[in-house]
Each structure stands twice: as C-alpha cells, then as structure tokens.
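Residue strings, one per chain:
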Amino acid sequence: MQQDAQAKAQLAQYEDELARKRGESEHQKNRERNRELVTLQEQSVRNQEAEKRRIQEQIEGERRATEKYKANLEKEVEREKALAEAEGRIKENRENEDVNRRAMQLRLEEERKKLVEAINTTFTNLGSGTLALLTDKEKLGTALAGLTVLALGVYSAREGTRVAGQVFSRWLGTPKLVRDTSRRWFWQRGASATKSSQQVKKDFSDIVLPGQMHDHVRALAAVTANTKSHGAPFRHMLFYGPPGTGKTMAAKRLAKTSGLDYAIMSGGDVAPLGGQAVTQLHDMFDWAERSRRGLLLFIDEADAFLSQRGQQQMSEGLRGALNAVLFRTGDQSRDFAVVLATNRPGDLDSAILDRMDEALEFGLPGLSERQQILSLYLDQYIFKAGTVEGGAGAASSRGLWQRFSSMLRGRSSSPDQIQVETFTPEMLQEAAQKTEGFSGRELAKLMASMQAAVYGSAQPTLTHEMWHRVLNMKVREHSQRQAFLDGHHTVN
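Predicted model only: the values in this text are computed from it and were never measured.

A.B. asks: Go over unusual backbone geometry with me, naming the residues and quoting the values.
C.D. replies: Positioned with a positive phi, E301 is a non-glycine residue whose angle comes to about 50 degrees. Structurally, the position occupied by E301 is in the loop between strand 4 (295–300) and helix 8 (316–328). You can call E301 partly exposed: its relative accessible area is 41%.

A.B. asks: Pulling in residues and values, what's your account of the pattern of salt bridges?
C.D. replies: All told, the structure shown has 23 salt bridges when counted by the stated rule. For E67, the salt bridge goes to R63, with nearest N and O atoms at 2.5 Å. Note that E67 and R63 are positioned in helix 1 (residues 2–95) at a spacing of four residues, about one turn of the helix. Classification of E67 as partly exposed rests on a relative accessible area of 42%. With its nearest N and O atoms 2.5 Å apart, the salt bridge here joins R112 to E109.

A.B. asks: Explain empty space enclosed by the protein residue by residue, including any values.
C.D. replies: Within this structure, the stated rule accounts for one cavity of 30 Å³ or more. Each pocket or cavity is described by its volume, and for the largest cavity that value is around 60 Å³. Lining the largest cavity, in full, are L220, V223, T224, T227, P233, F234, R235 and M237. Counting residues per element, the lining of the largest cavity draws most heavily on helix 5 (residues 211–229), which supplies four residues. Per-class residue counts for the lining of the largest cavity are five nonpolar, two polar and one charged.

A.B. asks: Could you give an account of the sheet that holds strand 2 (residues 237–240), with specific residues and numbers?
C.D. replies: Strand order in the open sheet formed by six strands is 1-3-4-5-2-6, and the pairing between neighbours is mixed. Of all strands in the sheet, those bounded by a partner on one side alone are strand 1 (178–181) and strand 6 (358–361). Pairs of neighbouring strands in the sheet enclose a mean axial angle of 20 degrees, with direction left out of account. Two elements, strand 2 and strand 5 (residues 336–342), share four bridges in a ladder whose sense is parallel.

A.B. asks: Before we move on, could you go through the pairing of strand 4 and cite the residues and values that matter?
C.D. replies: One face of the sheet, then the other: side chains in a regular strand alternate in exactly this way. Strand 4 sits mainly inside the fold: five of its six residues count as buried. Inspection of the sheet shows strand 3 (residues 261–266) paired to strand 4 by six bridges, in the parallel sense. In the sheet register, D261 faces strand 4, and the bridge partner there is L295. For the crossover that starts at strand 3, traverses helix 7 (residues 277–289) and ends in the parallel strand 4, the hand is right-handed. Here strand 4 pairs with strand 5 via five bridges, running parallel.

A.B. asks: Tell me what's going on with the packing of aromatic side chains, and back it up with residues and numbers.
C.D. replies: One pass over the full model with this rule turns up five aromatic pairs. When the ring of Y377 is compared with that of Y381, the centres are 5.4 Å apart and the planes differ by 40 degrees; the resulting orientation is tilted. Of this pair, Y377 and Y381 are both found in helix 10 (residues 367–383), four residues apart, which corresponds to roughly one turn of the helix. A single burial state applies to Y377 and to Y381, both of which are buried. The rings of F383, F423 and W467 are connected pair by pair, giving a single aromatic cluster.

A.B. asks: How would you sum up the confidence of the model for the protein? Please name residues and give values.
C.D. replies: On average, residues of the protein carry a pLDDT of 80, and 81% of them reach 70 or more. Across the protein, strand 2 holds the top mean pLDDT of 92, while helix 11 (residues 400–408) sits lowest at 55. Note on residues 189–193: pLDDT is under 50 here. Beyond four places in sequence and across chains, it has nine contacts.

Calculation rules
Residues numbered from 1 in each chain as written. Predicted model: local features only at pLDDT ≥ 70, side-chain atom pairs only at ≥ 80, totals over all residues. Heavy atoms only, no water. Helix = DSSP H or I, 4+ residues; strand = E, 2+ residues; numbered from the N terminus. Buried < 20%, exposed > 50% of the residue type's maximum accessible area, 1.4 Å probe, protein only. Salt bridge = Lys/Arg side-chain N within 4 Å of Asp/Glu carboxyl O. 1 Å grid on protein atoms, 1.4 Å probe; cavity = no way out; pocket = protein on both sides within 12 Å on 5 of 7 lines; lining within 4 Å. Points joined across faces, edges and corners; volume = space filled by probe spheres on them. Nonpolar A, V, L, I, M, F, W, Y, C, P; charged D, E, K, R; others polar. Pairing = 2+ DSSP bridges. Axes fitted to C-alpha atoms, helices over the stretch in contact; angles between N-to-C directions. Right-handed = clockwise from strand over helix to strand, strands pointing away. Phe/Tyr/Trp six-rings, centres within 6.5 Å; stacked < 30°, edge-to-face > 60°. pLDDT = per-residue confidence, 0-100. Contact = heavy atoms within 4.5 Å.

Okay, structure coming up:
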C-alpha cells in the first residue's frame, strides 16, 4: 500500500510538472504571437503613413501642375486679348486713315497761311521802314553811326576782356610748372627787417640736421635775409643727398626765415612738355622776377632735365629747357634765388654746376639726429594726436566751420587722443639704434605707422608690444628696399 501511495504521489508530481511546462510553453507561444502582432501592427502603421505621404505628394504635385496650367492658360488668354486689341486698333486706324490725312492737310494748310501772312506783314513793315530811312538823310546817318558805335563797342569789349585776362593771369596767376608756392597776391609786403643770428636759430629750432650742416643752413638763411634787406643779388644753391634728408624742408624754411616767397617745381614735369618746356620755363622765371618780396625757386629732381648735354638720349626739348635755365641764371639776380635739389649731382651739366654759388650735401642722419627726429615726430604723431598740433592727419578741427562740416559728414571733429603705456628714453634710444640708414622721411613714416597701428586697434593705446612690432616691421621693410636698390634681393 505504501508503495502504491508513493507511485501515485510521483505520478501526480510528474503530471503537475508536465502541466506546468505546458503552461509555460503556451505562455511563451502567446508572447511570441503578441510580439508578431505588434510588429505587424507597427509595419501596417508605417505602410499607412508612407501611403498617406505618397498620396499627399501626389495631390500636391497635381495641384502645382493645375496652377501652372492655369497660369499658362491665363497668359495665353492675355496674349490673345492683346493681339485682338492690337489688330482692332490697326483696323480702326486703317479705316480712319483717310479721315486723319484730310484733317492733317487742313491743319498744315491753316498753319501755312498764318506763316505767309506773318512774313508778308514783316517784310511790309521792313520795306516801309527802309524806305522812310532812305528818304530821310538825317535818320540814315544816325542809324549808320549807331551801328558803327555798336560794332566798335562789341569788338572793344571782346578784345579788352581778352587782354585783361592775359594781364591778370600774367601778374596774379601761378605758372603751370609751379607745384607749390607761398606767393599769393601783389599786395604782400616787400622787404623784411634784417634778422639776428638768434632769430634765425629760433626759426630752425624744429629742423634736425647734423651739427655742421645745421650751422651752414642757418648761416645761409641769415646771409640771404641780409642780402635782401641790402638790395644785393642773391646766391644760387645746390642741395644734394639721398631722398628724404630734408632738402625741401630746409629750402622752405630758408625762404621763410629770409623773408622770401618760395615756389617748388619738379624736374620730372619738364620732359613731357616737349617744345613747350622753354616757353613755360621763361614764364616761370618772369613770374619769379615780379615777386615783390623776392622768391626762392626750389627745383626738385633737377637732374631730370639739367643733365649733361653729351648724352645721346637728350631730346631737343630738354636741350632747349637746359639752355633756358642757363640763360636765366647766367647773371646773379636781385629778384630770385635758385635752389637745385638732386640725388645724383654727378649727372648735372657742368655749366649748371658752375652757376651754383653754394653746394650743400644733406646726408643721412646719425644716431643723435635720429633720436632727435624720432622724439620730434613721437611728440607730434603720438603724444599730441587728437589736438590741434597733431600730425599725420590726426589733428583736431580748428574752426567752427570745420567742426560743422565734420558733423554733417557723420565724422568726429577730432580723432581720439592716444594713450601711451609707460614710455622710457631707452625705448627711443633703441629705436634710434635699430634705424641706422633711415632718412628723416622714413623716420617720420615710422611714427605715422605707429599712429596708424594704434588707431587700427580696439583701444587707442600704444603698448610696448605694438611699439616693438611696428619698429621691427619697418626695419625689415627698410632692409628689403635697400636690397632692391643694391640688386641683391631674391624671391624664394
């Protein structure tokens, strides 16, 4: 009995296990079926969405096609309508052509009759007046005298205006060869008082030249001023040296100190004139002789047309220009002094060199002069920027009209003032040492570049880094230019 009970228990347990396994299997199958149903439902939804999009796109395409067809149809209708209207107007004009032609003929005939009547009336009146004038000798004489006086008045006014214009241009106009002059009008004062050496020294206080050259130029200015006051003839001068060494500046200051007007011309302007060069040179010298204060004529790039006559490439125009200058400078003049400036004095004609009473060589500035020039332009371009004394275009507007004009153009009446980080004399001395071989003009451009770098930054402040960066850049540019001149520069 006990064994049967155990067997039954085991059988019951086995059946329970089988039932449990069947339940799990059924559950697993149900889950798989549910998963497949979900997948099928999702796929069905996607298919429905895709079909919906396809139908919408098809509808949109058909709508666009319909609108395009409608637009083309409307355009075709408008074209047909315009053609029909044009054909109608053409047909109407063709049908009314005879009527329009008759109306035009009537209008022209009416205008012709009016014109003929006006002409007949005019000639009738002229004939009556002429007959009365010819039969009355007194009226005839009066008319002839009036016509004669009128003709003479017209001719005299025309010729008088032409002659007056020539005289005015001759006395007050500036010759075409003169690029810049301090001479303005005939009522300027004549001779100035004799200047002392201290006054001359003060006039040249802002011009930096080597010590001996500075003294020589000041002495020439004093001699010229005293020569003018005594009514003695002036001395002609030759300034030679590298470009940018102060030749033009010294000539202007020499004229101002000695009380003379100055006029500047460039030798490069003579060659393009050809045969007209001689006439214009004589006009310029005649104009210089009419200066009441005396005139210092500064001829820059003199070697461009005053070179040696033995050169084969010299044209007849340049040869004539050279002879004109030799003729006008053959004798010393009490009206003008000639200052020739050149970078190549050896190219000048020997006769021109013989006309020069003084010859001054303007060399490149030394260390001390470079430091003075840098200090001068640093003060002008950096420290005084934004004030009335600012240089390189950084000066503030002086007058009310200038400020008003700047406001109308939407500009500030003056640039911002420049702030400078701690600046030491050692920085200026370092710049003077690095700029060996620089001319005065290059040093001025160096400070102008410093100013441009400051105004090109977010804040108008000159920093140490900016100072050294611009300085090193300009030193490299100078070396490259020197290499160009020496012919040693190569492009990698």
